[in-house]
Amino acid sequence: MSSLSSWIGVLSDPVKTKTYISHVKKVEPEIGAFLEFDPERARQDSLEHGPLHGVPFAVKDILAVKGFSLTCGSRILSGLVSPYTATVVEKLQQAGAVVVGKTNMDEFGMGSSTDTSAYKRTNNPWDTDRVAGGSSGGSAASVAAGMVPFALGSDTGGSVRQPAAFCGVYGLKPTYGVVSRYGLVAYASSLDVVGLCAASVGIAEEVFAFMRGYDERDNTSVEYTASSENLPGAVRRIGVVSGSLGVEPAVEKTYRQTQEALRTLGYEVVPVELTMMEYYAPVYYTIATAEASANLARYTGIRYGYRPEFAENPEELVRKARSEGFGEEVKLRILLGTYVLRSGFQDQYYQRAQRIRTAIRRDFDQAFQKADVILFPVFPTQAFKRGGDGLDAFQQKVADRFTTAANLAGIPALSFPAAVENGLPVGMQLMAPPFGEDLLFQVARKFTDVFSPPQAPHYISLWS
Amino acid sequence: MNPEELRITAALAYLDLGEEEYEELMRAVDQMLEYFSKMMEVDIEGLPPTTHAMVRENRTRADQTVPFSGIEALLENAPEREDRFIVIPNIL
């Protein structure tokens, strides 16, 4: 298993730095994980003697890093250079880790393939004809291809966990509020969290410890109190859902096998009833698009980013900047969000979704009476191909039905590699009550006793 | 959604849609609204809305200014600029 210790000091040593950069330059052209790669640019912002000194890490291009671009994968933010650094990035820099670049993503986090990026395609390190997942596809691929031990991402409805599952790495979506969102470009503010992709469960756990905590610059952030402090003892009961899940055979098979494996490891596998499951995705898309339409109203082409060649007046400038600067998926979500918030339609859509969100939360509260953590698939398919054989934009949204639950309920979830089928990884996810991240790490670590996740073929890390 | 509603919605969102784009988005919006209509099955009687993932008390802080060090870097991002002013087309 990959550990952080082999990466410590890599960028503090000139010889190792050179080897590292030439390794990335060899691998990256096939993958396309980075929108910008420059290990020197922010090096002086990292402490020289922290516990993570010289460890390279990548940052999704939706988090601000001073001196780097901040495009969110969108043309409308082309040319924007961030004048400041996100709190979560600063915390890692204070621990000594070094930002090496910004990773590709679906435009504003809206997508499941990273193909809605206005800039480039990111390929899956397991099979470069397939997508890396999304929206944090660049972050997941950079880890899977051994270019960094961990990468930051954001997860609004599964955007860290799904690409992690597609690329065979770990993906953590923390409890809402435990990681500051200061410096994270907003998509859907009541759902957005900063998470990470990591090469091993140990790395995920170690890095998460540096990321979390209250930040006075984010009024929704909270101090982190590990649930093990309130709930002594180890995880005993793991909740599972029964019946057909309507997923690909490889995913269905892995879900069953994972339950079996957990049973052999001594856990009690108990059925839980989640009665609201079929409403996760429609409720999620109603709330997320509503919040997105408000958050994306700030892009006008006036103060920063893309500006059209010519406009008669300020209003035309704004309309042209938005019409030329946003891609189709973003326009669709802005239109939907604007519509569901319009007077006369709010009761039917937005308010209704918020009330069903309460029922979903209560459903989980009840399920956690019976089980310490819950096991779910991440996505109904493995990494898909581009074009006709893949999933269209609508199918991708419906497929978010397993990941959106944790965002709606505000609870932590960890996707972990659980099998390799058809030469591709299959990920499963564990969910816990708020602040239960340590429970997720505990079970995922134990699971490596029966399944040690292989690295993507041909992309063995230099330092493992 | 009737076609006029989409035009109104697009205008509210400051989006100009070309004819082809309009057709395409009309189809996609309709498909999603139909998907949203699944929510009509749920009995929401007595359920309060969840507006926030973690229910917390309202938080306040002192109304104080905090100096920002990156003002010049911020202004440098303006697409068109004269000194400390951002240039936009004439307001008539």
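Look above for the structure.
Owing to the predicted nature of the structure, the values given are computational and were not obtained by experimental measurement.

Novice: How do you make sense of the interface of chain A and chain B when you look at a structure like this?
Specialist: Often the size quoted for an interface is simply the accessible area lost on bringing the parts together. In this complex, chain A contributes 69 residues to the contact, which on the side of chain B involves 55 residues. Of the roughly 5700 Å² buried between chain A and chain B, counting both surfaces, carbon and sulfur atoms make up 66%. When the buried area of chain A at its contact with chain B is split by residue, A:Leu335, A:Arg352 and A:Arg355 rank highest and sum to 13% of it. At the boundary of chain A with chain B, the tally comes to five salt bridges.

Novice: In this structure, what is going on with the pattern of salt bridges? I would like to understand it.
Specialist: Pairs may arise between side chains of opposite charge once their charged atoms sit close together. Using the criterion set out here, one finds 30 salt bridges over all chains in the structure. Between A:Glu260 and A:Arg263 there is a salt bridge, and its shortest N-O distance comes to 2.4 Å. On the criterion of helical spacing, the pair formed by A:Glu260 and A:Arg263 is a turn pair, its members being three residues apart in helix H7 (residues 249–264). The partner of B:Lys38 in a salt bridge is B:Glu41, and the shortest N-O contact between them spans 3.2 Å. By relative accessible area, B:Lys38 is classed as partly exposed at 24%. Connected through salt bridges with shared partners, the residues A:Glu36, A:Asp38 and A:Arg41 form a single ionic network.

Novice: Where do I start with the nonpolar core in this structure?
Specialist: Burial of nonpolar side chains together is a common tendency in soluble globular proteins. Residue and element names in this part refer to chain A. Core analysis: the biggest nonpolar cluster contains 177 residues, and Phe108, Phe150, Leu152 and Phe364 have the highest contact counts within it. Non-local contacts of Phe150, meaning those with residues more than four positions away in its chain, are made with Leu4, Val55, Phe57, Ala58, Leu92, Ala97, Val143, Leu196, Cys197, Ala198, Ile203 and Val207. Within the second largest apolar cluster, eight residues are counted, among which are Val131, Phe166, Ala383 and Phe384.

Novice: Is there a simple way to explain the packing of helix H10 (residues 328–341) of chain A against helix H2 (residues 19–36) of chain B in this structure?
Specialist: With their axes 10 Å apart at the nearest point, H10(A) and H2(B) run at an angle of 55° to one another. Here H2(B) runs oblique to H10(A), going by the angle between their axes. Between H10(A) and H2(B) lies a crossing whose hand is right-handed. Facing H10(A), whose interface residues are A:Glu328, A:Lys331, A:Leu332, A:Leu335, A:Leu336, A:Tyr339 and A:Val340, H2(B) presents B:Glu21, B:Leu25, B:Ala28, B:Val29, B:Met32, B:Leu33 and B:Phe36.

About the thresholds
- Residues numbered from 1 in each chain as written.
- Chains lettered and ligands numbered in written order.
- Predicted model: local features only at pLDDT ≥ 70, side-chain atom pairs only at ≥ 80, totals over all residues.
- Heavy atoms only, no water.
- Contact = heavy atoms within 4.5 Å.
- Buried area = accessible area lost by both parts, 1.4 Å probe.
- Salt bridge = Lys/Arg side-chain N within 4 Å of Asp/Glu carboxyl O.
- Helix = DSSP H or I, 4+ residues; strand = E, 2+ residues; numbered from the N terminus.
- Buried < 20%, exposed > 50% of the residue type's maximum accessible area, 1.4 Å probe, protein only.
- Core = buried A, V, L, I, M, F, W, Y, C linked by side-chain atoms within 4.5 Å.
- Axes fitted to C-alpha atoms, helices over the stretch in contact; angles between N-to-C directions.
- Parallel < 35°, antiparallel > 145°, perpendicular 65-115°, else oblique.
- Left-handed = near helix turned anticlockwise from the far one by under 90°.

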